[in-house]
Each structure stands twice: as structure tokens, then as C-alpha cells.
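One-letter residues, chain by chain:
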Amino acid sequence: MREPKNFQPFLTQEAPPEFERMGLTWLVGAAIATAILWQFPAGDYILYPFTILATWFHEMGHGLMALMLGGNFQKLEIFSNGSGVATYTMRSTLGPIGPALVAAAGPMGPPIAGAALILASRSFKAASLSLKILGGFLLFSTLVWVRSWFGLIAVPLLGLIILGVALRTPRWVQGFAIQFLGVQACVSTYHQLNYLFSYSAGSLGLSDTAQMQRYLLLPYWFWGGLMAVASLVILVQSLRVAYRSK
């Protein structure tokens, strides 16, 4: 039987009928629950795999933006407490805008990537391919950038699990998985929400939003609020498009 070129999430003969009604509700509920749980110390451990994935998304955002602007992404370290550090050098010709973009890419890179994953769920082929790309890129990042002992175990393990979903599960499971991972990427901006509204990153120096204040003048709390709102808008709009009737 010929596969439809596009599909509404969960509207396949392989999925239970109730998923048509419940898919979006579960995703929205998961996004809200994840964002709330991450505001409590125990939340990092309840959502431990997604905490590690959120850290990976965040730090990869910094490193990849530095690469795109002509710099060097030297290493990525992820630790068992869920924290992480991206080490990079800058060679931007954009003046103060370059370092500000690298700082913003930590909180904002994941929602943009998450929206792409959610939108990929509209096509069987794109959903499966996106899972394979994400899983493969987790493995690739381990070889090229990850340099902490914990990261060398956790990051490839996540990659292998995602690849397993892409290769060994029914299509409706892949559709849900790619959407769920996309939602997690979008709400990872809210991982330690207070960090967006903090000037200091402790021993690491300035926070991402304080770095933006340094280069773009407007106060750090303005950039924190802007990125929090932007991440929510990106999530809502990507889900609207993914579930929009043709």
C-alpha cells in the first residue's frame, strides 16, 4: 500500500485511535510538567535523561554557533549533576554581535532545533530520518567534542536509544518520539529558569544573558525574558503547524 506523502501526527493505521485525540494533549502536558519539575532540585533527577539531553542541546548550541561564526569548538563536558561546559574560541567579524549570538545560542539553539523536530513529524520519512540524524549526531559529538568521562558514557547511550527507536519501532511510535524530543528541546530553555534571569554563572563567570548585556547593552533580565517568551512561541507555533489540518 502506498504511503501518504504527508500525515497528521498519529493518524496512521498503526496507531491506536485514541492517539489522534490525546497526542497533542499529552505533548502539551509533558511540556508543562517538564518545565515545572525542572524548577525544583529533585526535578533534575526525576527527569534525569532529559536533563542530560537538555544540557547537551544547550552546550552544543554555544559550540556550533561559535563554529558557524568562524571560531573553534574545542570540547564539550557534561557532568553527572546535569551541568555542562562548552569550550570554544571566537573569530567573529561581526563585532559585539558575534559573541552575543554565541551566548544566545545556548538557550535559543535548542528551541529552534526542537521546532524542526516537531515539524518533521508531519512526514513519515522526515520523522524517521530526523530521529536517525539526532541519534547519529549525539554519537558524532561524542567522538569529536565530548571530553568528560560522564559525557562519554551518557551522550552515546542517549544516541543509541534514539537510533533504536528510529530503527526498531512502529511509525506511530517514531512520530510521537520525534515530537516528544522536539518538545523537550523547546522547553530545555526553562531548565534552571532562574539562570536566564541571573547575572552570574558562579565559577564560570557571567551567565549567557549577562554576556548578552555586555555586548548588546540592554539588561540581562530583558534578554532572559525575551528568550523565555520566544521559546514558548516557537513551541506553540511548531505544534500548531504539526497538527494543522490540511
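It should be noted that the structure appears before, not after, this text.
I will try to describe carefully the structure that is included in this document. (Residues numbered from 1 in each chain as written. Predicted model: local features only at pLDDT ≥ 70, side-chain atom pairs only at ≥ 80, totals over all residues. Heavy atoms only, no water.)

**Here we look at a nonpolar patch on the surface**
Threshold: Without a salt bridge and with relative accessible area above 30%, a residue can belong to a patch; like charges are then joined within 9 Å and nonpolar side chains (Val, Leu, Ile, Met, Phe, Trp, Tyr) within 5 Å. Each accessible area is a Shrake-Rupley estimate made with a 1.4 Å probe; only the visible protein chains count as cover when residues are assessed. For this document, the term salt bridge refers to a Lys or Arg side-chain nitrogen within 4 Å of an Asp or Glu carboxyl oxygen. Only DSSP runs of H or I reaching four residues or more are called helices, and only runs of E reaching two or more are called strands; each is numbered from the N terminus.
A cluster of nonpolar side chains, L24, V28, I32, I36 and F40, forms an exposed patch at the surface whose accessible area comes to about 440 Å². Topologically, F40 is positioned in the loop between α1 (18-37) and α2 (43-46).

**Some remarks on the packing of helix α4 (residues 97-120) against helix α7 (residues 171-187)**
Note the following rule: For helices, the fitted axis covers only the stretch in contact; all axes are lines through C-alpha atoms, and the angles between them, taken along N-to-C directions, range from 0 to 180 degrees. If an angle is under 35 degrees, it is roughly parallel; if it is over 145, roughly antiparallel; if it lies from 65 to 115, roughly perpendicular; otherwise it is oblique. Take the far helix as the reference: if the near one is turned anticlockwise from it by less than a right angle, the crossing is left-handed, and if turned clockwise, right-handed. In this analysis, two residues are considered to be in contact whenever any of their non-hydrogen atoms come within 4.5 Å of each other.
Taken N-terminus to C-terminus, the directions of α4 and α7 make an angle of 165°; their axes are 7 Å apart at the nearest point. Taken together, α4 and α7 sit at an angle that is classed as roughly antiparallel. α4 and α7 meet at a crossing whose hand is left-handed. Across the interface between the two elements, P110, P111, G114, A115, L117 and I118 of α4 pack against I178, Q179, L181, G182, V183, A185 and C186 of α7.

**Describing the environment of V229**
Residue position: V229 is located in helix α10 (residues 220-243). Linking V229 and L131, residues 98 residues apart in sequence, is a C-alpha distance of 27 Å.

**Details of the pairing of strand β2 (residues 84-89)**
The following threshold applies: Strands qualify as paired when DSSP identifies two bridges or more between them.
Judged from the 6 bridges that link them, strand β1 (residues 72-78) and β2 form a sheet pairing that is antiparallel. Across the sheet, residue N72 finds its bridge partner in β2, namely T89. What sits between the antiparallel neighbours β1 and β2 is a turn of 5 residues, in which G82 has the positive phi angle 95°.

**Some words on the packing of aromatic side chains**
To describe a pair of aromatic rings, you give the distance between the ring centres and the angle between the ring planes. Put simply, the rule is: For Phe, Tyr and Trp, rings pair up if their centres lie within 6.5 Å, where Trp contributes its six-membered ring, and each pair is then called stacked (planes under 30 degrees apart), edge-to-face (over 60) or tilted (otherwise). Partly exposed residues are those whose accessible area sits between 20% and 50% of the maximum for their type, while under 20% is buried and over 50% is exposed, using a 1.4 Å probe and protein chains only.
Throughout the structure, instances matching the rule amount to 12 aromatic pairs. A centroid spacing of 6.3 Å and a plane angle of 65° characterise the contact between Y48 and F150, whose relative ring orientation is edge-to-face. Taken together, the positions of Y48 in helix α3 (residues 48-68) and F150 in helix α6 (residues 149-168) put the pair 102 residues apart, joining distant regions of the chain. Residue Y48 is classed as partly exposed on the basis of its relative accessible area of 25%. The partly exposed category is assigned to F150, whose relative accessible area is 24%.

**Considering the packing of helix α5 (residues 124-144) against α7**
Two elements in contact, α5 and α7, have axes whose closest approach is 9 Å; the angle formed by their N-to-C orientations is 60°. Considering their axes alone, α5 and α7 lie oblique with respect to each other. Judged by the sense of rotation from one axis to the other, the crossing of α5 with α7 is left-handed. On α7, the residues touching F124, A127, S128, S130, L131 and L134 of α5 are R171, Q174, A177, I178 and L181.

Interpretation in functional terms is not warranted from these geometric data alone.
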